[in-house]
Number of protein chains: 2
Amino acid sequence: MKFYYDLFSQPSRTLYILLKINKVPAEFNPLSLRKTQHLTAKFKEINRFQKVPCIVDNDLKLSESIAILRYLDGKGVIDERWYPKELHLRARTDEYLAWHHNNTRLTLSLYFWQKWLHPLITGRNPDPKQLAETQKNMEKTLDSFENIWLENRKYLTGSEINAADVFAACEILQPMMAGYDPTRGRPNLGNWLQTVRSDLNPQFDEAHDIVMKISKASGIIQAQMKVVNFFRNLFRRKK
Amino acid sequence: MKFYYDLFSQPSRTLYILLKINKVPAEFNPLSLRKTQHLTAKFKEINRFQKVPCIVDNDLKLSESIAILRYLDGKGVIDERWYPKELHLRARTDEYLAWHHNNTRLTLSLYFWQKWLHPLITGRNPDPKQLAETQKNMEKTLDSFENIWLENRKYLTGSEINAADVFAACEILQPMMAGYDPTRGRPNLGNWLQTVRSDLNPQFDEAHDIVMKISKASGIIQAQMKVVNFFRNLFRRKK
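Throughout what follows, the structure given in this document is the object of discussion. As the structure is a prediction and not an experimental result, all values here were calculated from the model.

**A look at the packing of helix H3 (residues 65–75) of chain B against helix H4 (residues 87–122) of chain B**
Residues and elements named next belong to chain B. Where H3 meets H4, the axes come as close as 11 Å, and the angle between the chain directions of the two elements is 155 degrees. As the angle between them shows, H3 and H4 are arranged roughly antiparallel. Note on element contacts: H4 touches H3 through Arg-90, Asp-94, Leu-97, His-100 and His-101, opposite Ile-66, Leu-69, Arg-70 and Asp-73. Looking at the contact of H3 with H4, its residues break down into three nonpolar, two polar and four charged.

Spelled out as structure tokens, the structure:
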């Protein structure tokens, strides 16, 4: 099986962690979104949607990280704990994984895009009204996470970690790069994130190396134009 | 099992059709989003996210239509054809169902909201620049549908209908209410929609009764203020 990914992408990191932790015998093929390697004709042959992550397993070319998780489960190459077989627990996991798309994934990555990535690429500041609306939507998601999903649970679906937590944690670290701390004022989320990170280490920190470096620098970004320019050059699209 | 739904909601219609076609012994409990019946404290006890569709099966309260499909499959109450067990075919179905969330579902329902529902509720015309952007995103999705998903296939995942087609078809009819025809200039999509509708009838037309009525009227809406006011009153939020 061949795995194509960029650790700058949240679902790529999720699958990277799950593949490593489960010691799935895969060929790891990193590529660079920044260098637009996903937009080549060669990569279109690998994934018709030209996105990462994706896999090729014999004659099956599969995209969509959550579909890949289910395929790995169906093939029996990941431990049952990550995608439980028991009907009710699987239903609760599926409920989160469905909710994830238009909540955690959509609202947090949109904030990251508007606040951080788009300004670095274009050199234009975000529209304050639009950014405020996007931040409001992100915070609504994070509040549901704190008060509905975690409530008094240790993990998203109960007392054991599973893939839902991994998908969520990789997404929730993304706005930290833009200087936003999702755990502030959200003790359940803070405890959960710490536990999940610890459960998934060393693979979690390994996957998040670039995220951690940029998160640490994000306070500086706001103050020092030199740093802004460094990142702007880093993410400038190839002409 | 109790099923809560409003036929005005796309995923509600999808589950309605799948439950009826599979003769699942469920108690059908329609509720009215227009009358904000989903926002009551009583309904919050049924679904903590206060959305439809959702189910209650003994002590399991489950939301998210695609998670409910998987639960029904796990319980063995729907025919295998709707959610295939064969590994590759299931992977392809899961790939579509994951793609669905942030493509078909997100872009089409956002267009419907901006073009039709929000103006009716507020009495304000949509922002033309924002609507053009939303329409562009919807058309990108519909073009991927035409050229990538359907390409030379009869159904989304191959030569047989399954739940992916039902989820997609219920979503694709929604912008018709706003006077937009997604099949225009897209022959694969047009043929596919006709076939899916025919395969799913009479349940498909039964579920889409309100959609069809409004779609027929949508040409008139643009010309006659009387009709606009009729719908505006119909969707005015309760104070």
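**Things to note about the nonpolar core**
By size, the foremost hydrophobic cluster in this structure holds 62 residues, and its most contacted members are Tyr-96, Phe-145, Leu-156 and Trp-192 of chain B. Each of domain 1 (2–78) and domain 2 (87–235) of chain B gives at least three residues to this core. Counting residues in each nonpolar core, the second largest holds 61 residues, with Ile-17, Phe-145, Cys-170 and Leu-173 of chain A among its members.

**Quick notes on the side chain of Thr-134 of chain B**
All names here are of chain B. Take Thr-134: it is sitting in helix H5 (residues 128–150). On the basis of relative accessibility, which here comes to 7%, the residue Thr-134 falls in the buried class. A polar side-chain atom of Thr-134 sits 2.8 Å from a polar atom in the side chain of Gln-114. Setting aside its immediate chain neighbours within four residues, Thr-134 contacts Thr-107, Leu-110, Tyr-111 and Gln-114.

**Describing the packing of aromatic side chains**
Enumeration according to the criterion identifies 34 aromatic pairs over all chains in this entry. Taken together, a centroid distance of 6.0 Å and an interplanar angle of 70 degrees make the contact between Tyr-4 of chain A and Phe-43 of chain A edge-to-face. Of this pair, Tyr-4 of chain A sits in strand E1 (residues 2–5) while Phe-43 of chain A sits in helix H2 (residues 41–46), and the two are 39 residues apart along the sequence. With a centroid separation of 4.8 Å and 5 degrees between ring planes, the pair formed by Phe-3 of chain B and Tyr-5 of chain B is classed as stacked. Taken together, the ring pairs in this structure connect Phe-49 of chain A together with Tyr-96, Trp-99, Phe-145, Trp-149 and Trp-192 of chain B into an aromatic cluster. Lying over the aromatic face of Trp-149 of chain A, Arg-48 of chain B brings its terminal NZ or CZ to 5.0 Å of the ring centre. Just above the ring of Tyr-83 of chain B sits the side chain of Arg-90 of chain B; from NZ or CZ to the centre is 3.8 Å.

The rules we used
Residues numbered from 1 in each chain as written. Chains lettered and ligands numbered in written order. Predicted model: local features only at pLDDT ≥ 70, side-chain atom pairs only at ≥ 80, totals over all residues. Heavy atoms only, no water. Axes fitted to C-alpha atoms, helices over the stretch in contact; angles between N-to-C directions. Helix = DSSP H or I, 4+ residues; strand = E, 2+ residues; numbered from the N terminus. Parallel < 35°, antiparallel > 145°, perpendicular 65-115°, else oblique. Contact = heavy atoms within 4.5 Å. Nonpolar A, V, L, I, M, F, W, Y, C, P; charged D, E, K, R; others polar. Core = buried A, V, L, I, M, F, W, Y, C linked by side-chain atoms within 4.5 Å. Buried < 20%, exposed > 50% of the residue type's maximum accessible area, 1.4 Å probe, protein only. Domains from an automatic or database assignment. Polar contact = N/O pair within 3.5 Å; in protein donor to acceptor, adjacent residues only side chain to side chain. Phe/Tyr/Trp six-rings, centres within 6.5 Å; stacked < 30°, edge-to-face > 60°. Lys NZ or Arg CZ within 6 Å of the ring centre and 35° of its normal.

In short, the description is geometric, and any link to function would need to be established separately.
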